[in-house]
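Chain residues, written in single-letter form:
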Amino acid sequence: MQTQRKPGLKIFTWHIHGSYLYYLSQGDYELYIPVNESRTEGYYGRGATFPFGNNVHEVPAAEVKNMQFDCILFQSERNYQHDQYEVLSEAQRQLPRIYLEHNTPAGSACNTRHVVNDPTILLVHVTYYNQLMWNSGHTPTTVIEHGVTDAAVPYNGDLARGLVVVNHLPDRGRTLGWDIYQQVSKYLPLDLVGMGNGDHGLGEVLHPQLPEFRSRYRFYFHPVRHTSLGLAVCEAMMQGVPVVGLATTELPTVIVNGENGYVHTDINYLIQKMQGLLDNHGLANCIGRAGQETAQRRFNIHRFTTDWLHTFHKAIAQQQQPSRTVAALQAAVSE
């Protein structure tokens, strides 16, 4: 006799970052995402790119008000300032609320005020660097570091080229390292994939096909100056692909230079190390294996989904005890 799966917590959120939503959906809870006919930002539904499981449910935007949820998860400024008032009922807007901040501050690195300044909302950052830099006012914060699944496609590295995966890199400019990519490309063979790169790249490689595509490249290059730790970096490490990047934001806490990858603020140093990987396939294998071990410890999917389940429960418990102080919530989510 087959035992039926017990329904988990009902979490309402928007489809903002597909790959993050896919990894979030690996947890033991139900995710409800709105969809509209025009498929506007956040209302894409499940889409056809990611193999979402049965715990990701599409809800017509007009019907959201009639649903019951345990927690609301915001993932963008638009969700928080506009979408919630368009799709959620007044009662739903009083539910336990979490704001997931995916990004570093776009303005001043350490003085930018976060859009949320509310002691009743929990602000979740994806890196400790982000938590350190955002001015969150009276909003309690915690960190849930990335988690990614093992793609089960082993690193090969037989293609003596480097891979860069960034969407719209020319348009995003210096922040994402467009100039750095151009500089390094003069000395080393690099391929750029992702949406919106025009003739500068090879086009988009869909997420399910990326592990097979990436496995042949000798190394992964991350030219980004100032963003959150990219999921693409974690995915490359989990696959055993050597990672080379700038020693900025969170990456220096992940890569031990010369052991499980290479990081530096000197571009010429990085060019030398990438050339070394091109010249020495055995070295690339060694660095990649060490990076994979790091990823398995730090970015394993079980830890990630357990952290999220714990955080959902903590936010719900706090809502049920409104007399608790902000300091008490901060202590609770840090347990």
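Caption draft 1: Highlighting the packing of aromatic side chains. Using the criterion set out here, one finds 16 aromatic pairs in the structure. Judged by centre distance (5.9 Å) and plane angle (20°), the rings of tryptophan 178 and tyrosine 181 are stacked. With a gap of three residues between them, tryptophan 178 and tyrosine 181 both fall in helix H5 (residues 178–185), about one helical turn apart. Tyrosine 181 sits in the buried class, given a relative accessible area of 7%. Among the aromatic residues, ring-to-ring pairing joins Phe12, Trp14, Tyr32, Phe69, Phe74, Tyr80 and Tyr99 into one connected group.

Caption draft 2: Region of the structure containing the packing of helix H7 (residues 231–239) against helix H9 (residues 281–298). Relative to each other, H7 and H9 sit at 115°, their axes nearing to 6 Å. Helix-helix and strand crossings are classified by hand; for H7 and H9 the assignment is left-handed. For the pair H7 and H9, contact is made by Cys234, Met237, Met238 and Gln239 and by Gly291, Gln292, Thr294, Ala295 and Gln296, respectively. Classifying every residue of the contact of H7 with H9 by side-chain character gives four nonpolar, five polar and no charged.

Caption draft 3: Molecular detail of the pattern of salt bridges. Within this structure, the stated rule accounts for ten salt bridges. Close ionic contact of arginine 214 with glutamate 235 constitutes a salt bridge, the shortest N to O distance being 3.9 Å. Placement of the pair is arginine 214 in helix H6 (residues 210–215) and glutamate 235 in helix H7, with a sequence separation of 21 residues. Summarising the burial analysis for this pair, arginine 214 and glutamate 235 share the class buried. Salt-bridge contacts for glutamate 250 lead to arginine 298; the nearest nitrogen and oxygen are separated by 3.4 Å. Here the residue glutamate 250 occupies a position in the loop between strand S11 (243–246) and strand S12 (262–264), and arginine 298 occupies one in helix H9, the gap between them amounting to 48 residues. One exposure class covers both glutamate 250 and arginine 298, and it is buried. It is possible to trace a salt-bridge network through shared partners that takes in Glu145, Glu250 and Arg298.

Rules and cut-offs
- Residues numbered from 1 in each chain as written.
- Predicted model: local features only at pLDDT ≥ 70, side-chain atom pairs only at ≥ 80, totals over all residues.
- Heavy atoms only, no water.
- Phe/Tyr/Trp six-rings, centres within 6.5 Å; stacked < 30°, edge-to-face > 60°.
- Helix = DSSP H or I, 4+ residues; strand = E, 2+ residues; numbered from the N terminus.
- Buried < 20%, exposed > 50% of the residue type's maximum accessible area, 1.4 Å probe, protein only.
- Axes fitted to C-alpha atoms, helices over the stretch in contact; angles between N-to-C directions.
- Left-handed = near helix turned anticlockwise from the far one by under 90°.
- Contact = heavy atoms within 4.5 Å.
- Nonpolar A, V, L, I, M, F, W, Y, C, P; charged D, E, K, R; others polar.
- Salt bridge = Lys/Arg side-chain N within 4 Å of Asp/Glu carboxyl O.

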